Amino acid sequence: MYIEKAFVESVEKIGDKIFLMKVFSPAIAYIAKPGQFCNIKVSENDFPLLRRPFSVCDVDGDYVFFMFDIHGEGTKILSSKKNGDTVELLGPLGIGFVYDDDYETAVIVAGGLGTAPFPFLIKNLPEDKNVICLVGGRSKKNIVTHGLKNIAIATDDGSDGFKGTVIDLLKEEIEGISKKKLRIFACGPNAMLKALQKYSIENNYDCQISVECAMACGFGICQGCPVDSASGDSYLLVCKDGPVFNVNAVKL
Amino acid sequence: MNSVDLSINIGGLKLKNPVLLASGTVGYGNEIAEFTDLNKLGGIVTKSLSLKPRKGNPPQRIVETPSGMLNAIGLANVGVEAFINEKIPFLRKLDTTLICNIAASSIEEYVECVHILTGEDTIKAFEINVSCPNVKDGGLEFGNDLSAVGRITEKVRSVTKKPIIIKLSPNVSRISDFARVVKENGGNAVSAINTLVGTSFDIYTRKPKIKNITGGLSGPAIRPVALAKILEIKRNSDIPIIGIGGIMNWKDAVEMMIVGASAFQIGTVNFINPNAGVEILNGLISFCEQNKIKNISEITGSYQI
C-alpha cells in the first residue's frame, strides 16, 4: 500500500455524467489487483475533508484508471481535473476478486457504475476463460460498457436490450452455461446485489460480489464500513475484509 | 539529535514527544503501521476497550459534514481478553507509549477492565472514556454527571498505580468543573475534547444519514470548540491537559498547546493522511528551532491574554 501523489493524464467523459480518469501512478499500477480500490484525496485543502473510494477500473503500464459519476462535491472536483493536475492516491486497498482458479466461464454482472472494476478483471483473466458481461441500468443513458466484452444489456425501461433487471437477464442467460463451470463476478447497487445473492445461494452458484459502502479511512482504522457477516454475529469491514466477498460470507 | 527537547511529563506519564494518536482512529496500531512509523510518535491510544467484545452499531456509521465527519461506531472492539492475547504482542514491539482507552457500561466494568489490564507492562497509562456519545448505556450518561465522573476516577484510582487520564465530553455546560473533579479524585490528567453530538438528515428521504440518528462530530469543524474548552480548563484548574479536536497540521497543534495542552491527540486526520503524526512532529520541531524554543513544554499555556 502506498500514498502516492499522482499526476492526472486525462479525464474523459464516457457517458452521461460518467467519467474515466487516467493518472500516472507507477507504484500502485505495479501492485494493484482486480477488485481492489484506492481512496483518493481530490483536493489539496480540507474541502472536501475525506478521501473518496474508487475501484481500480483498469491499469495500463504506469497508468491507473478510475471510473466515476458526478455524485457530490468530491466527484465534481475530480471531473474538472485537467492534464497535469494532481490527486493523491492511497492504495491499492482491500481484497479483490479470485479469478485464476478452476472454472470455465466468467459471468460478469454489473449495475450502473458497477462496471467500474471489470475492465481490469477482464484484462487479467487467464486466456482459457470465457467471458460474458451482463450490464444493467435504469435506462439506456445509465449503461456503461467501457472495457467490457461479449455484452448483453438490460434496462428497467426497455430503452436498450432486455427489458427488466440485470438479474432477470442473468436468469435467462445462465441457462446455456454449465453450472459447475461458471463463476459470477458482480458489482452494483445494494438492491441488485441482494437480489443476486438470493438467486445465487438458492441455485448454489459460485459467486463473488463487490460491495460498496461509505467509508473514511479505507484501511480498517475508522470502522466506518461494516457489513454483517453471514451468521450475523459480527461485522466485517468492507474496506479491509472486502470489498469483494464470497456471496456466502455476508448478509446484505 | 534534536536541538529541541521534545519530551514531556503529564502527571507522571513520560512521553518522548507530545504527538499522540487518538483512540478510535488508530485501531490497535497494526493497520496504520503500514503507512507511518509509529516509533517516532509520543504514543498511541487504543480503540476503546470494554470487558466483553462489542459488535458496534449497524451501518451507516459515518457521514461527512462541512469540515468534519459524524461517526457512530458504537465502541466496536475486541474486548479485554482478545486485546491481551491478540493485540498486545504487536504493540509490545513498538517503541512508543501505549495508552489504553477503556469504555464501560458501569463503574464496576471500568474498574474490572483496569484491574485486569494494569498488570500488562506494555500499557503505560489508562484513558477512561466517560464521554462516548454513541452508546445507550454508559458513555455520556457518565460524562455529563459530575459525581459519576468523580466516582469513576476514584474507583479506577484504587486499582492502578499507572497514570489515569479522563477523557472529557464537550457536551456539558462547564467542562472545567469536570477537570477539577478528576483532579480531586486522583486523576493525573484529562483529555479534551471528545466528539460533539451532531446529526445530519437526507432532505429527500427525510431519514438520518447515520443509523444511530446522532453521532460524534470530529475534524477541523470542532477545533475552535476544543480550543475554548482547553483554555477554560487551563484557566480554572492545574490538571495537565491532553488536547484533542480537529488538529490537521503542526500549526493547529501549536495553537492547541498555547491554549493549555501539554500534549495532543490527532484523530480524524489519520483517516485522511495516516502519516500525519510524523509530519506534525517534524513541523513542531522546525517551529521550535525557528523560535528558539529549547523545551517544547514551554509552549504549553503560553497564551498572552
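Residues numbered from 1 in each chain as written. Chains lettered and ligands numbered in written order. Predicted model: local features only at pLDDT ≥ 70, side-chain atom pairs only at ≥ 80, totals over all residues.

A few words now on the overall build of chain A. The secondary structure content of chain A amounts to 5 helices and 17 strands. Here the C-alpha atoms of chain A give a radius of gyration of 17 Å, agreeing with the 18 Å that 2.2 N^0.38 yields for 252 residues. Across its three principal axes, chain A shows a C-alpha extent of roughly 50 × 45 × 35 Å. Taken over 252 residues, chain A has a buried fraction of 50%. Looking at chain A alone, contacts between residues at least 24 apart form 61% of all its contacts between residues at least 6 apart. (Helix = DSSP H or I, 4+ residues; strand = E, 2+ residues; numbered from the N terminus. Rg over C-alpha atoms; globule rule 2.2 N^0.38 Å. Buried ≥ 20, exposed ≤ 12 C-beta atoms within 10 Å, placed from the backbone. Contact = placed C-beta atoms within 7 Å.)

What follows deals with unusual backbone geometry. The omega angle of the peptide bond from A:Gly242 to A:Pro243 is 10 degrees, so this bond is cis rather than trans. Examined against the element boundaries, A:Pro243 turns out to sit in the loop between β15 (235–237) and β16 (244–246). The linkage connecting B:Pro59 with the following residue, B:Gln60, adopts the cis geometry, with an omega of 5 degrees. Non-glycine residue A:Asn204 carries a positive phi angle of around 60 degrees. Positioned with a positive phi, B:Lys292 is a non-glycine residue whose angle comes to about 55 degrees. Of note, B:Lys292 is situated in the segment after α9 (276–290).

Ranked by internal contacts, the top residues of the largest apolar core, which has 178 residues, are A:Leu134, B:Val190 and B:Phe264. Both domain 1 (2–93) and domain 2 (105–210) of chain A contribute no fewer than three residues apiece to this core. In this structure, A:Leu134 is in contact with A:Val107, A:Ile108, A:Val109, A:Ala152, A:Ala154, A:Val166, A:Leu169, A:Leu170 and A:Glu173, ignoring residues within four places of it in sequence. (Core = buried A, V, L, I, M, F, W, Y, C linked by C-beta atoms within 7 Å. Domains from an automatic or database assignment.)

A separate point is the domain arrangement of chain A. How large an interface is tends to be reported as the accessible area lost when its parts come together. All names here are of chain A. As assigned here, chain A comprises domain 1 (2–93) and domain 2 (105–210). Taking the mean C-alpha position of each, domain 1 and domain 2 sit 24 Å from one another. Each partner contributes to the interface: domain 1 provides 14 residues, whereas domain 2 provides 13 residues. If you list the elements that add at least two residues to the side of domain 1 that touches domain 2, you get β1 (2–15), β2 (18–24), β5 (58–60) and β6 (63–69). Here the residues of the side of domain 1 that touches domain 2 sort into 8 nonpolar, 3 polar and 3 charged. (Nonpolar A, V, L, I, M, F, W, Y, C, P; charged D, E, K, R; others polar.)

All names here are of chain B. The parallel closed barrel is built from 8 strands, whose spatial order is β3-β4-β7-β8-β9-β10-β13-β14. Put simply, the sheet's adjacent strands are angled 25 degrees from each other on average, direction ignored. Contacting β7 (97–102) and β8 (123–129), helix α2 (residues 107–117) runs over the sheet at an angle of about 155 degrees to β7. (Pairing = 2+ DSSP bridges. Axes fitted to C-alpha atoms, helices over the stretch in contact; angles between N-to-C directions.)

This paragraph deals with helix α4 (residues 166–173) of chain A. Residues and elements named next belong to chain A. Listed as buried for α4 are Val166, Ile167, Leu169 and Leu170. Projected onto a plane normal to the axis of α4, the buried residues spread over an arc of 155 degrees and lie on a single side. Contacts made by the buried residues of α4 are with β8 (105–111), β9 (130–137), β10 (151–155), β11 (162–163) and α5 (190–203). (Arc of directions from axis to C-beta.)

Residues and elements named next belong to chain A. Ordered in space as β11-β10-β9-β8-β12-β13-β16, the 7 strands form an open sheet in which the pairing is mixed. Unpaired on one side and paired on the other, β11 and β16 mark the two borders of the sheet. Inspection of the sheet shows β10 paired to β11 by 2 bridges, in the parallel sense. What sits directly across from threonine 155, in β11, is lysine 163. Sitting on the sheet, α4 is in contact with β8, β9, β10 and β11, with an inclination near 150 degrees to β9.

A separate point is the packing of helix α7 (residues 250–258) of chain B against α9(B). Residues and elements named next belong to chain B. It is at 8 Å that the axes of α7 and α9 come closest, and there the two elements cross at 65 degrees. Relative to α9, α7 is oriented so that their crossing is right-handed. Judged by residue contacts, Trp250, Ala253 and Val254 of α7 engage Ile280, Gly283, Leu284 and Phe287 from α9. When grouped by side-chain class, the residues that make up the contact of α7 with α9 number 6 nonpolar, 1 polar and no charged. (Left-handed = near helix turned anticlockwise from the far one by under 90°.)

All names here are of chain A. Summarising burial for β8: 6 of the 7 residues are buried, a large majority. By the bridge criterion, 7 bridges tie β8 to β9 in an arrangement that is parallel. From the neighbouring strand, alanine 106 faces β9, where its bridge partner is valine 131. Taking the sense of rotation as the criterion, the β-α-β connection linking β8, helix α3 (residues 118–124) and β9 turns out right-handed. The sheet contact formed by β8 and strand β12 (residues 182–187) spans 6 bridges and is parallel. Each residue of the ladder has a partner; that of alanine 110, found in β12, is cysteine 187. (Right-handed = clockwise from strand over helix to strand, strands pointing away.)

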